[in-house]
Amino acid sequence: MTANPNDPLAELRHEFAAGLADRLGVMQRALAVLRDRYDPAEVEAFYYKAHSLKGTAASFGADDLAEEAAMLADLGRVWMDRGGVRAEEVADAAAALERLETAVRAYRELVEGSA
């Protein structure tokens, strides 16, 4: 990939965009487990990926990504603190992950279009 010489952060944006699918995958796999049973390791994986994404997305100005990731991180923190998940929260998380996927696609198109 060739970075735009007029944009010193272009390469970093591309690397961030390329890693988004893996981040989503971790959260989706964790949520799939949490639909059936509480697993502290899966809650931690879910929370830390969402929390990390929230901060990184915000630093790149990807506000849609940051907003959904913040909601997911908040849920993950609640689950960690409570030591359990509720069915309605899992449904909320699944909906937020779908919105996050849409935002990821839009961000990747934006980044790829600016190359």
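Look up: the structure comes first, before these words.
Presented here is a report on the structure given in the accompanying data block. Predicted model, so just to flag it, every value in this text is computed and none were measured.

**Observations regarding the overall build of the protein chain**
Turning to step 1, where the next piece is worked out: Looking only at helices and strands, the protein chain features four helices and zero strands.
Turning to step 2, where the next piece is worked out: The N-to-C order of helical and strand elements in the protein chain reads α-α-α-α.
Turning to step 3, where the next piece is worked out: With respect to the principal axes defined by its C-alpha atoms, the protein chain has extents near 50 × 20 × 20 Å.
Turning to step 4, where the next piece is worked out: Counting over 115 residues, the protein chain shows a buried share of 37%.
Turning to step 5, where the next piece is worked out: Sequence separation of at least 24 residues holds for 66% of the intrachain contacts in the protein chain that already meet a minimum separation of 6.

**Observations regarding the packing of aromatic side chains**
Turning to step 1, where the next piece is worked out: A complete count under the given rule lists four aromatic pairs for this structure.
Turning to step 2, where the next piece is worked out: For the ring pair F16 and F60, a centre distance of 5.0 Å and an interplane angle of 25° mean the geometry is stacked. In this pair, F16 is assigned in helix α1 (residues 10–36) and F60 in the loop between α2 (40–59) and α3 (63–82), connecting sequence segments 44 residues apart. Accessibility classification places F16 together with F60 in one group, the buried group.
Turning to step 3, where the next piece is worked out: Ring centres 5.2 Å apart and planes at 40° place the aromatic pair F46 and W79 in the tilted group. Of the two residues, F46 sits in helix α2 while W79 sits in helix α3, which places them 33 residues apart along the sequence. Side by side, F46 and W79 carry an identical accessibility label, which is buried.
Turning to step 4, where the next piece is worked out: Among the aromatic residues, ring-to-ring pairing joins F16, F60 and Y107 into one connected group.
Turning to step 5, where the next piece is worked out: Positioned over the ring face of Y47 is R77, at 4.7 Å from the centre of the ring.

**Considerations on helix α4 (residues 87–113)**
Turning to step 1, where the next piece is worked out: Look at α4: 39 Å from first C-alpha to last across 27 residues, which is about the 39 Å you get at 1.5 Å a residue.
Turning to step 2, where the next piece is worked out: Burial in α4 covers these residues: E89, V90, A93, A94, A96, L97, L100, A103, V104, Y107 and V111.

**So, α3**
Turning to step 1, where the next piece is worked out: Look at α3: 28 Å from first C-alpha to last across 20 residues, which is about the 28 Å you get at 1.5 Å a residue.
Turning to step 2, where the next piece is worked out: Every buried residue belonging to α3 is among L65, A66, E68, A69, A70, L72, A73, L75, G76 and W79, and all of these are buried.
Turning to step 3, where the next piece is worked out: Turning to α3, the residues buried within the fold contact α1, α2 and α4.
Turning to step 4, where the next piece is worked out: Looking at the residues trailing α3, positive phi occurs at G83, about 75°.

**Here's the deal with the pattern of salt bridges**
Turning to step 1, where the next piece is worked out: On inspection of all chains with the given rule, the structure shows four salt bridges.
Turning to step 2, where the next piece is worked out: A salt bridge links E68 to R99, with the shortest nitrogen-to-oxygen separation between them at 3.0 Å. Of this pair, E68 sits in helix α3 while R99 sits in helix α4, and the two are 31 residues apart along the sequence.
Turning to step 3, where the next piece is worked out: A relative accessible area of 12% means that E68 is categorised as buried.
Turning to step 4, where the next piece is worked out: Put simply, R77 and D81 hold a salt bridge, and the shortest N to O gap is 3.5 Å. Taken together, the residues R77 and D81, both in helix α3 and four residues apart, mark about one turn of the helix.
Turning to step 5, where the next piece is worked out: Here R77 falls in the partly exposed class, since its relative accessible area comes to 33%.

Calculation rules
Residues numbered from 1 in each chain as written. Predicted model: local features only at pLDDT ≥ 70, side-chain atom pairs only at ≥ 80, totals over all residues. Heavy atoms only, no water. Helix = DSSP H or I, 4+ residues; strand = E, 2+ residues; numbered from the N terminus. Buried < 20%, exposed > 50% of the residue type's maximum accessible area, 1.4 Å probe, protein only. Contact = heavy atoms within 4.5 Å. Phe/Tyr/Trp six-rings, centres within 6.5 Å; stacked < 30°, edge-to-face > 60°. Lys NZ or Arg CZ within 6 Å of the ring centre and 35° of its normal. Expected span 1.5 Å × (residues − 1). Salt bridge = Lys/Arg side-chain N within 4 Å of Asp/Glu carboxyl O.

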